[in-house]
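# Residue-level structure breakdown
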Protein chains: 2
Amino acid sequence: MNDTTRSARTPAPPRMTRQRAAVADALGDTDEFRSAQQLHELLRSRGDAVGLATVYRTLQTLADGGDVDVLRSEDGESLYRRCARREHHHHLVCRACGRTVEIDGPTVEQWAASVGAAHGFADIEHTVELWGTCAACRAADERSS
Amino acid sequence: MNDTTRSARTPAPPRMTRQRAAVADALGDTDEFRSAQQLHELLRSRGDAVGLATVYRTLQTLADGGDVDVLRSEDGESLYRRCARREHHHHLVCRACGRTVEIDGPTVEQWAASVGAAHGFADIEHTVELWGTCAACRAADERSS
DNA sequence: AGGAGTTTGAGAACCGTTGTCAACTCGGTT
DNA sequence: AACCGAGTTGACAACGGTTCTCAAACTCCT
């Protein structure tokens, strides 16, 4: 059994491609949660276009690896962001521009676990997200009205 | 200007129909969060079918009026439930069967508001939901494995 | 019963997302 | 440097949940 013999259980080696780099790059550029379609459009306008399907695939891979955070906008769209810390945390997101602040829910984790256990539920997961309108968007909004 | 003259700003009077009653009824029967499609199927199997579009419309109306709670399942589907209390609260939901326990997030509201304000965000809303597997579903699961 | 205006429902349209599969690349080999 | 096998891409089809359309049916009031 030499190096090139890849036994069946070995996952599969990731490969670096222009497209993957481009997506990762676009995510690295911003602090804001972005949809797959926004990223796709951004890349296209930048000049190094990537197929929409590839954008979705790449984001999914990144998300699975914990390299990006995913959350659902209020109307169900998936939004992606490269967060500063990999540890579990929550977000305060501007619903207009996606600007995001990473926050801690000091007691949330513990509370969630104990409430779950108290009712006989297992494998507890929790969703805690804050939505608001950031100062900049508020200002922009008033200016245009 | 008599009674039958409905000035433009008056919303429009809701009207009781077999369909609306059926949907409300189906919701009243269960404690569990159900999708529009599940409710549609339930009604059909019960013998008093209601068009899918009508189920969606009715649920939306009920939700707008605060008569039912809506939340998004982990894979983005909208789920509806007639909760015992109309006041703001959170849920611990079984991801397998939809069984739900209404819970309070003692300090959550305040925490959300202050975190939002601290970062200059306005119109703060928060999503706090707990997902788990209830005891019954866990038992059922083990039995079949 | 009569009539104005609301509601319904079958099917089309929508929209974000995933699947398909032949062509193309990456990365290691010869 | 050319070669090759396996992973990757992308145009497009397909999917699944939800909303729209609009003619026919129904509510409610007189």
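Everything quoted here is computed from the prediction, not taken from an experiment. (Residues numbered from 1 in each chain as written. Chains lettered and ligands numbered in written order. Predicted model: local features only at pLDDT ≥ 70, side-chain atom pairs only at ≥ 80, totals over all residues. Heavy atoms only, no water.)

This part is about the protein's contact with DNA strand C. Around DNA strand C sit 22 residues in total, of which Tyr56(A), Arg15(B), Thr17(B), Arg20(B) and Arg57(B) are the nearest. Across the atoms of DNA strand C situated within 4 Å of the protein, the share located in sugar and phosphate is 68%. Note that a sugar or linking oxygen of DNA strand C is positioned 3.3 Å from one of the side-chain N or O atoms of Gln37(A). At the level of secondary structure, the elements contributing two or more residues to the surface near DNA strand C comprise α3 (52-64) of chain A together with α1 (18-29) and α3 (52-64) of chain B. (Near = heavy atom within 4 Å. Polar contact = N/O pair within 3.5 Å; in protein donor to acceptor, adjacent residues only side chain to side chain. Helix = DSSP H or I, 4+ residues; strand = E, 2+ residues; numbered from the N terminus.)

Next up on the list: helix α1 (residues 18-29) of chain A. Residue and element names in this part refer to chain A. In a regular helix each residue adds 1.5 Å, so 12 residues correspond to 16 Å; α1 covers 16 Å between its end C-alpha atoms and thus fits that length. Residues of α1 that are buried include every one of Ala22, Val23, Ala26 and Leu27, and no others. Projected down its long axis, α1 carries its buried residues within an arc of 130°, all on one side. In this structure, the buried residues of α1 make contact with α2 (36-46), α3 and β3 (78-81). (Expected span 1.5 Å × (residues − 1). Buried < 20%, exposed > 50% of the residue type's maximum accessible area, 1.4 Å probe, protein only. Arc of directions from axis to C-beta. Contact = heavy atoms within 4.5 Å.)

With that settled, the discussion passes to the relation of the copies chain B and chain A. One chain copy maps onto the other through a rotation about an axis and a shift parallel to that axis. Rotating chain B by 180° and moving it 0.0 Å along the rotation axis overlays it on chain A with an RMSD of 0.1 Å. Taken together, the rotation and translation describe the operation of a two-fold axis. Considering only C-alpha atoms, the part of chain B nearest the rotation axis is Val128(B), at 2.2 Å. Most of the interface of chain B is mirrored in chain A: 100% of its interface residues are interface residues there too. (Least-squares fit on C-alpha atoms with pLDDT ≥ 70 in both.)

Let's shift gears to the nonpolar core. Nonpolar side chains in soluble globular proteins generally cluster together in the buried interior. Formed by 28 residues in total, the largest nonpolar core has its most connected members in Trp111(A) and Trp111(B). Put simply, the parts of the chain that give this core at least two residues each are β4 (90-94), β5 (100-103), α4 (108-118) and β6 (122-133) of chain A together with β4 (90-94), β5 (100-103), α4 (108-118) and β6 (122-133) of chain B. When sequence neighbours within four positions are dropped, the list of residues in contact with Trp111(A) reads Ile103(B), Asp104(B), Gly105(B), Pro106(B), Val128(B) and Leu130(B). (Core = buried A, V, L, I, M, F, W, Y, C linked by side-chain atoms within 4.5 Å.)

Notably, Asp123(A) is not glycine yet its phi reads approximately 55°, a positive angle. Locating Asp123(A) in the fold gives a position in strand β6.

The immediate surroundings of DNA strand D are formed by 22 residues, with Thr17(A), Arg20(A), Arg57(A), Arg15(B) and Tyr56(B) found nearest. Each atom of DNA strand D within 4 Å of the protein belongs either to a base or to sugar and phosphate, the latter forming 69%. At a separation of 2.9 Å, a sugar or linking oxygen of DNA strand D approaches a polar side-chain atom of Gln19(A). Here a base oxygen of DNA strand D and a side-chain polar atom of Arg15(B) are 2.7 Å apart. Of the residues forming the surface near DNA strand D, the biggest block, five residues, is contributed by α3(B). Of the residues contributing to the surface near DNA strand D, the split by class is eight nonpolar, seven polar and seven charged. (Nonpolar A, V, L, I, M, F, W, Y, C, P; charged D, E, K, R; others polar.)

Interpretation of the predicted coordinates at a detailed level should be avoided for regions scoring low in pLDDT. The pLDDT averaged across chain A works out to 91; a share of 92% of its residues lies at or above 70. Taken together, the stretch residues 1-8 of chain A has pLDDT below 50 and engages in one contact with residues farther than four places along the chain or on a different chain. (pLDDT = per-residue confidence, 0-100.)

Glancing now at the pairing of β4(A). Residues and elements named next belong to chain A. A large share of β4 lies buried, amounting to five of its five residues. Where burial is concerned, the two faces of β4 agree: the one with His90, Leu92 and Cys94 and the one with His91 and Val93 are both buried. The hairpin turn running from β4 into β5, its antiparallel successor, is five residues long, and Gly98 in that turn takes a positive phi close to 90°. Two elements, β4 and β6, share four bridges in a ladder whose sense is parallel. Following the sheet pairing, Val93 is matched in β6 by Trp131. (Pairing = 2+ DSSP bridges.)

At the junction of the two partners, chain B supplies 37 residues and chain A supplies 37 residues. For the chain B and chain A pair, buried surface summed over both sides reaches about 2700 Å², with 61% attributable to carbon and sulfur atoms. Of all residues in chain B, Trp111(B), Phe121(B) and Leu130(B) bury the most surface against chain A, accounting for 23% of the area lost on that side. Linking chain B with chain A are two salt bridges. Across the pair Glu125(B) and Arg95(A) runs a salt bridge, and its minimum N-O distance is 2.9 Å. Among the elements of the structure, β4, β5, α4, β6 and α5 (135-143) of chain B are those that each provide at least two residues to the side of chain B that touches chain A. Among the elements that line the side of chain B that touches chain A, the one with the most residues is β6(B), at 12 residues. Of the residues that constitute the side of chain B that touches chain A, the class distribution is 17 nonpolar, 10 polar and 10 charged. Where β6(A) and β6(B) come together, nine bridges link them in antiparallel fashion. (Buried area = accessible area lost by both parts, 1.4 Å probe. Salt bridge = Lys/Arg side-chain N within 4 Å of Asp/Glu carboxyl O.)

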